[in-house]
Amino acid sequence: MFGFALLCVTWKAPGQALPARAAAAAAMDGLNATAWVQSSVEYRASALQAWRLAAVSLPRALKDKKWTAALEQSGKFGKLPPAIIVDIDETVLDNSPGQARFLLEGNGRYTRDVWMRWTAERRSRAVPGAKEFLQAANAKGVTVFYVTNRGVHEEADTRANLETEGFPVKAVAGGIGDTLLMAGEKPEWTSDKSVRRALLAKQYRILMLCGDDLNDFFAARIPLEQRAAKAREHESWWGDRWIMLPNPMYGSWEDALFGFDRTLDPATVQRKKLEGLHRD
Ligand SMILES: [Mg+2]
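The rules behind these values
- Residues numbered from 1 in each chain as written.
- Predicted model: local features only at pLDDT ≥ 70, side-chain atom pairs only at ≥ 80, totals over all residues.
- Heavy atoms only, no water.
- Helix = DSSP H or I, 4+ residues; strand = E, 2+ residues; numbered from the N terminus.
- Rg over C-alpha atoms; globule rule 2.2 N^0.38 Å.
- Buried < 20%, exposed > 50% of the residue type's maximum accessible area, 1.4 Å probe, protein only.
- Lys, Arg positive; Asp, Glu negative; His and termini not counted.
- Charge placed at Lys NZ, Arg CZ, Asp CG, Glu CD.
- Donors = N, O, S within 2.8 Å, 3.2 Å for Na, K, Ca; no water.
- Salt bridge = Lys/Arg side-chain N within 4 Å of Asp/Glu carboxyl O.
- Contact = heavy atoms within 4.5 Å.
- Arc of directions from axis to C-beta.
- Pairing = 2+ DSSP bridges.
- Axes fitted to C-alpha atoms, helices over the stretch in contact; angles between N-to-C directions.
- Parallel < 35°, antiparallel > 145°, perpendicular 65-115°, else oblique.
- Left-handed = near helix turned anticlockwise from the far one by under 90°.
- Nonpolar A, V, L, I, M, F, W, Y, C, P; charged D, E, K, R; others polar.
- Phe/Tyr/Trp six-rings, centres within 6.5 Å; stacked < 30°, edge-to-face > 60°.

Peer 1: Whenever I open this one, the overall build of the protein chain confuses me. Can you help?
Peer 2: For the protein chain, the helix and strand inventory stands at 12 helices and nine strands. The globule rule puts the C-alpha radius of gyration for 280 residues at 19 Å, and the 20 Å found for the protein chain is close to it. Expressed along its principal axes, the backbone C-alpha trace of the protein chain runs to roughly 65 × 40 × 40 Å. Across the 280 residues of the protein chain, 48% fall into the buried class. Charged side chains in the protein chain number 38 positive and 34 negative. The centres of these two groups are separated by 5 Å.

Structure representation (structure tokens):
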């Protein structure tokens with residue numbers, strides 16, 4: 001309460017540097033978001049709804065040979081075998097305990113060290129509804145590809161974690177290796193997932209993209225207005241070909257608020273977020 005009052009009294013106008021207490025508060029930005037994911041029925045319901053929508057779409061997607069969810073897909077793809085591309089973190093695996101560790105053990109901000117220890121423990125639980133849908137799709141002959149920005153050195157732990165949680169993972173032909181496509185596994189597999197989507201779209205008809213971040217659908221490291229404009233071009237795809245999972249904890253939606261500049265200090269980040277709010 002005292003901290004809130006201090007913030008109200010001392011924060012006067014956009015552009016003014018925030019005092020130290022407010023900077024500390026900025027570092028706890030993730031508290032509400034992580035609490036929501038970990039404890040709310042609202043989060044669980046949102047995730048279940050997303051995956052159930054995917055299940056409703058799947059029969060139509062399979063039947064309609066002109067159907068594709070990938071902007072990278074072109075040419076004659078009607079006879080290609082069907083596939084679904086999913087992201088991993090906060091799409092099929094819940095890493096909110098990792099986020100909780102940033103808050104409980106550090107200053108609330110991401111640190112690579114804490115994150116790597118978390119993924120190495122292989123203890124991420126399935127996002128509600130994800131396993132049931134992907135098992136059902138797999139049983140219908142749809143190959144499930146995991147296109148993740150976890151690094152290649154995390155592949156063994158990630159595969160073990162996915163398998164423990166009951167997700168389908170398998171070897172595939174066509175120079176892809178297996179259904180787990182990690183960042184950096186090949187030189188051209190950068191954090192921009194377009195290259196990996198394009199590779200899969202040459203060999204499979206992509207029925208659905210599922211993610212928690214706009215980059216899971218198209219390259220979205222672009223200014224806010226451009227992200228919104230490009231997404232509007234395909235607005236009818238949400239809940240149909242594109243399945244979005246809720247993630248208020250982190251993502252490119254947040255980075256876009258401060259120009260993707262991770263070198264900024266917490267006070268500047270919070271000032272930019274405040275400047276981005278509108279009152280009407
Ligand atoms: Mg993710």
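Peer 1: Just to check I follow, could you spell out the coordination of the magnesium ion for this structure?
Peer 2: For a metal with four donors in a tetrahedral arrangement, the ideal angle between donors is 109.5 degrees, while six donors in an octahedron ideally sit at 90 or 180 degrees. Taken together, the protein ligands of the magnesium ion are Asp 87 (OD), Asp 89 (O) and Asp 212 (OD), with distances of 2.1 Å. The motif formed by the donor residues of the magnesium ion, counted along the single chain, is D-x1-D-x122-D. Linking Asp 87 in the loop between β1 (82-86) and β2 (93-94) with Asp 212 in the loop between β8 (205-211) and α10 (224-232), this pair joins segments that are 125 residues apart in sequence. The exposure classification of Asp 87 matches that of Asp 212, with both residues buried.

Peer 1: It is not clear to me how the side chain of Arg 196 should be interpreted in this structure. Could you clarify?
Peer 2: Within the secondary structure, Arg 196 is located in helix α9 (residues 194-203). Within the buried core, Arg 196 has no salt-bridge partner, and the shortest N-O distance to an opposite charge, that of Glu 185, equals 6.8 Å. Filtering out sequence-adjacent residues up to four positions away, Arg 196 remains in contact with Val 147, Thr 148, Asn 149, Leu 181, Met 182, Ala 183, Trp 189, Thr 190 and Ser 191.

Peer 1: Please clarify how the pattern of salt bridges should be interpreted in this entry.
Peer 2: Here the idea is simple: oppositely charged side chains can pair when their charged atoms come close. Applying the stated rule across the entire model yields 16 salt bridges. Note that Asp 240 is salt-bridged to Arg 60, the shortest N-O span being 2.9 Å. In this pair, Asp 240 is assigned in the loop between α10 and β9 (242-244) and Arg 60 in helix α4 (residues 41-63), connecting sequence segments 180 residues apart. For Arg 60, a relative accessible area of 43% puts it in the partly exposed group. Of the charged contacts, one joins Arg 159 and Glu 155 as a salt bridge, the two residues approaching to 2.9 Å between their closest N and O atoms. Taken together, the residues span about one helical turn, with Arg 159 and Glu 155 both in helix α8 (residues 155-164) at a distance of four residues. Of the residues examined, Arg 159 reaches a relative accessible area of 24% and is grouped as partly exposed. Each of Asp 29, Glu 254 and Lys 273 takes part in salt bridges that share partners, so that together they form one network.

Peer 1: Explain helix α6 (residues 112-120) here, please?
Peer 2: An α-helix turns once every 3.6 residues. As a result, residues three or four positions apart point the same way. Of all the residues in α6, the buried ones are Val 114, Trp 115, Trp 118 and Thr 119. One face of α6 carries all of its buried residues, which in axial projection span an arc of 130°. A positive backbone phi angle near 60° is found at Arg 122, which sits one or two residues after α6.

Peer 1: Help me understand the pairing of strand β4 (residues 143-151) in this model?
Peer 2: A regular strand carries its side chains on alternate faces of the sheet. Taking burial as the measure, the nine residues of β4 include eight buried ones, the bulk of the element. Here β1 runs beside β4; their pairing, made up of four bridges, is parallel. Bridged to Ile 84 within β4 is Val 144. Examined bridge by bridge, β4 and strand β7 (residues 180-183) share three bridges and lie parallel to one another.

Peer 1: Looking at this structure, how should I read the packing of α4 against helix α7 (residues 130-139)?
Peer 2: A packed helix pair is summarised by two numbers, namely the angle formed by the two axes and the spacing between the axes. At a minimum axis distance of 9 Å, the contact between α4 and α7 shows a crossing angle of 15°. Judged by the angle between their axes, α4 and α7 are roughly parallel. In the packing of α4 onto α7, the handedness of the crossing is left-handed. Listed contacts from α7 to Trp 51, Ala 54, Ala 55 and Leu 58 of α4 are Ala 130, Phe 133, Leu 134 and Ala 137. Of the residues that constitute the contact of α4 with α7, the class distribution is eight nonpolar, no polar and no charged.

Peer 1: I would appreciate a short explanation of the packing of aromatic side chains in the present structure.
Peer 2: Aromatic rings considered in pairs are described by the distance between their centres and by the relative angle of their planes. Summed over all chains, the structure comprises nine aromatic pairs. When the centroid spacing of 5.7 Å and the interplanar angle of 75° are considered together, the rings of Trp 36 and Tyr 43 count as edge-to-face. Assessed through its relative accessible area of 29%, Trp 36 is described here as partly exposed. Taking relative accessible area as the criterion, Tyr 43 reaches 5% and is therefore assigned buried. Ring plane angle 50° and centroid distance 5.4 Å describe the contact between Phe 217 and Trp 242, whose orientation is recorded as tilted.

Peer 1: So what exactly am I meant to see when it comes to the sheet that holds β4 here?
Peer 2: Adjacent strands of a sheet form backbone hydrogen bonds with each other and so pair up, either parallel or antiparallel. Spatial ordering of the open sheet is given by β7-β4-β1-β8-β9, a layout of five strands whose pairing is parallel. The open sheet has two edge strands with one neighbour each: β7 and β9. Ignoring which end each strand starts from, the neighbouring axes of this sheet average 20° apart. Here three bridges tie β8 to β9, and the two strands are oriented parallel to one another. Counterpart to Cys 210 in the pairing with β9 is Ile 243. Where α8 meets the sheet, it contacts β4 and β7, and its direction lies at approximately 140° from that of β7. Strand contacts of α9: β1, β4, β7 and β8, with the helix running at about 160° to β4, the strand carrying the most contacts.

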